[in-house]
Amino acid sequence: MDIKLDPSRDDLPLMANTSHMLVKHYILDLDVDFGNQVIEGNIVLFFEDGNRFKKQSSSTQETFQMESEEADIFRTAEPCHVPEMDSSTFSTKMGHREFAVCGKGDQDAFDNDGNHDNQEHDSEISSSKYCCDTGNHGKKDFLLVLDCCDLSVLKVEEVDVAAVPGLEKFTKAPKLLATPEKLRCEIVRDLVALPADAWREQLDCYTRCSQAPGCGELLFDSDNWSLQIRKTGTSTPADFPHAIRIWYKTKPEGQSVAWTTDQNGRPCVYTMGSPINNRALFPCQEPPVAMSTWQATVRAAASFVVLMSGENSAKPTPLREGYMSWHYYVTMPMPASTFAIAVGCWTEMKPKASPSDDLMTEHILPLLPSEADLSPHIIFLSQSTLTGRSHLCGTRLCHEIAHSWFGLVIGARDWTEEWLSEGFATHLEDIFWAEAQQLPPHEALEQQELRACLRWHRLQDELRNCPEGMQVLRPNKEETGHVSASGASVVKHGLNPEKGFMQVHYLKGYFLLRFLTRTLGEKIYFPFLRKFVHLFHGQLILSQDFLQMLLENIPENKRLGLSVENIIRDWLECSGIPKALQEEPKAEDCSPSRLAQQVGSEVAKWIRVNRRPRKRKRGKREAAFEKLSPDQIILLLEWLLEQKTLSPQTLHCLQQTYHLPEQDAEVRHRWCELVIKHKYTKAYNQVERFLLEDQAMGIYLYGELMVSEDARLQQLAHECFELVKEHMDRASAQVVTEMLF
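Residues numbered from 1 in each chain as written. Predicted model: local features only at pLDDT ≥ 70, side-chain atom pairs only at ≥ 80, totals over all residues. Heavy atoms only, no water.

By the naming in an unreviewed UniProt entry, the protein chain goes by Aminopeptidase O and is assigned to Mus caroli. The UniProt entry for the protein chain carries the following text under Cofactor (unreviewed entry): "Zn(2+)". (UniProt positions renumbered as here; feature names shortened; annotations may be inferred.)

In structure tokens, the structure reads:
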């Protein structure tokens, strides 16, 4: 399949040629430098020969496609530029500096040793176009392509794993007749093929191999999205080095790493998976199919704590004066995008023992298979979730825990099918939250109906403001899951900065699963879901894998006319509200929900209060308002936002009745919308507080402030953005900039 990438488009390229070689294990050895805002060191990659036809399951085997075209039809930049020279002239003295990934004249990419930079030899690099064969079809040098962006690569070398003693017992019979090159490849092939129950020995072997000396530098070059490596005279993936070491450093502006300060003004850094995942943190293979294990040793000043998405609870090891070393590992193969790191002056909080301490273990984990315990053990939560009541934090945690199964244990084989992760997590979020609160079944159902009503309102609002092309859950349609012969592909809308703030794939995915659950019945759906997770554990799926298995597990006379084809057509490949959802307006418009009906009664009271004259008659009592839950308050504010006018007196009373400034961020967000809409000047300071303290959730408020056409509100937007823009991630800052200017 000929995929032509245009860097000016909003589609994210996945360049790694995973069809030819797959990374099976990474070992990172890094230093965190807060002074220069860089992470630097080296990474060792262990490969196996790629096999696009590897059988994953009986239902997914047919969907794996291998295109017949040559890999070099997939181009973003010019072919690999390598000077025409004999390999013997590629010495340590001149080697890697001519092929560094940094841009022209980027001195920071090199050691301060007085040597020349890229700009000086730019004409030499560009003087010859050497097109390397990325497959094994021709006689040119094989080219290994890794996903890479905003990294300064200093050196690439083959690792001499054959120099490591004691590996014989973990590998097959000695290859006495093999050449040194073939022997090194065979050792790695045997090492990555060790069974899962030998993981401790395997990790030890990986560690010792990563410490082996180099046995020859490799040529490398780069473009905006990839690092390309070759070994002169090596024409096939099978003969290419299967263990390589890359010396590199990140760049302060790299989009995978956020350098910022905590609430106390102390420096901290953490990884950002969006929008380009981890390719600006380390050279890797980003396509979902490239699942691997990893180890990482990270050093930082002793005042910092290093947290990572590892399976172990790391304890720091003292190094030279003032520095500590932290080591983490993961033994379950995961996509490179799941690697996460956070370095800061963190404090471990141990809450007092209470019945809620066992919420997630005793009440949530039994719902689905326990293998999810092997997923990366780190969750990033915004400070916005930690203020107000525990409701928002609890629901967010339940959502992220649900990703342990859908997103980590089971992943989408095509990242455009985000609903397979976010839709499932949103649907299970309510189930988990009810279990965590230990609600009786009737209360759990009422709560879930109320949250469905909230999401219905949110979906309608989202679709009104979302481009039609981005409302589709399966935008690639019949091309979903297809890749080029090399394994490269693109993620549709992957670089669109607005995508990260849209919830269509969350909400439409949620309503599809809710529709299936309600149609088939919980007694059929949830036992099936458990079975599905067991069968597809550790695998990548497409939408049809889930839908086919679901319908195969239901007798034909109980499928109620459902088919894979019509579900995909009506729910996944259409924009707007799905037809099945439109046909049940009453079911989704909250009327069956007692909690929503209670909110409706309260809204009616507020409308009556708002219509009264300013001066209340003597003896006339104000309406008595019921106590509402956070979700009910959100729904109340949603409905009040539909009112054309609300008086300052009504807004003041509303604020006092529900103590709105002390509520969680979701409630305060709706309150800020009301303040902006009705220009309630006495609460402008609360809008300012929200924009400064709840930066991520406040993105949409900037748009509301600007469309208000009120000079004071627009000035407020500009002033707040000026104060926080340096602390925002690049995508958020870009979206707000487009709103303001």
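(A) Structural context of the nonpolar core. Y26, I229, I246, F282, L516 and F546 are the most contacted members of the largest nonpolar core, which totals 107 residues. The two domains that each donate at least three residues to this core are domain 1 (14-54 + 138-288) and domain 2 (371-583). Setting aside anything within four residues of it in sequence, one finds L516 in contact with G521, F546, L547, L550, L562 and I567. Grouped together as the second largest cluster of nonpolar side chains are 54 residues, V675, L705, L716 and F721 included. (Core = buried A, V, L, I, M, F, W, Y, C linked by side-chain atoms within 4.5 Å. Buried < 20%, exposed > 50% of the residue type's maximum accessible area, 1.4 Å probe, protein only. Domains from an automatic or database assignment. Contact = heavy atoms within 4.5 Å.)

(B) Structural context of the packing of helix 15 (residues 630-640) against helix 17 (residues 665-677). Between helix 15 and helix 17, whose axes approach to 9 Å, the crossing angle comes to 15 degrees. Classified by the angle their axes make, helix 15 and helix 17 are roughly parallel. Every pair of crossing elements has a handedness; the one defined by helix 15 and helix 17 is left-handed. Taken together, the residues of helix 17 that come into contact with helix 15 (itself represented by P630, I633, I634, L637, E638 and L640) are E666, V667, R670, W671 and L674. Partitioned by chemical class, the residues of the contact of helix 15 with helix 17 number 8 nonpolar, no polar and 3 charged. (Axes fitted to C-alpha atoms, helices over the stretch in contact; angles between N-to-C directions. Helix = DSSP H or I, 4+ residues; strand = E, 2+ residues; numbered from the N terminus. Parallel < 35°, antiparallel > 145°, perpendicular 65-115°, else oblique. Left-handed = near helix turned anticlockwise from the far one by under 90°. Nonpolar A, V, L, I, M, F, W, Y, C, P; charged D, E, K, R; others polar.)

(C) Summary view of the packing of aromatic side chains. Scanning the model with the defined rule gives 26 aromatic pairs in all. Aromatic side chains W671 and Y680 sit 6.2 Å apart centroid to centroid with 70 degrees between the ring planes, which places their arrangement in the edge-to-face category. Of the two residues examined, W671 and Y680, each falls in the buried class. The rings of F406, W419, F424, F528, F532, F536 and F546 are connected pair by pair, giving a single aromatic cluster. Above the face of the Y510 ring, R455 is positioned so that its terminal group lies 4.4 Å from the ring centre. (Phe/Tyr/Trp six-rings, centres within 6.5 Å; stacked < 30°, edge-to-face > 60°. Lys NZ or Arg CZ within 6 Å of the ring centre and 35° of its normal.)

(D) Inspection of the sheet that holds strand 4 (residues 143-147) at higher detail. As summarised here, the arrangement of the 3 strands in space is 4-8-7, forming an open sheet in which the pairing is antiparallel. The open sheet has two free edges, formed respectively by strand 4 and strand 7 (219-222), since each of these has just one partner strand. Each strand axis lies, on average, 25 degrees off the axis of its neighbour in the sheet, ignoring direction. In this structure, strand 4 lies alongside strand 8 (residues 226-230), joined through 5 bridges in antiparallel fashion. Each bridged residue has a counterpart across the sheet, and for L144 the counterpart in strand 8 is I229. (Pairing = 2+ DSSP bridges.)

(E) The arrangement of empty space enclosed by the protein in detail. Throughout the structure, instances matching the rule amount to 8 cavities of 30 Å³ or more. Looking at the second largest cavity, its volume works out to about 100 Å³. If you trace the second largest cavity, you find 14 residues lining it, with T416, E418, M470, V472 and K499 closest to the centre. Looking at the lining of the second largest cavity residue by residue, the classes come out as 6 nonpolar, 5 polar and 3 charged. (1 Å grid on protein atoms, 1.4 Å probe; cavity = no way out; pocket = protein on both sides within 12 Å on 5 of 7 lines; lining within 4 Å. Points joined across faces, edges and corners; volume = space filled by probe spheres on them.)

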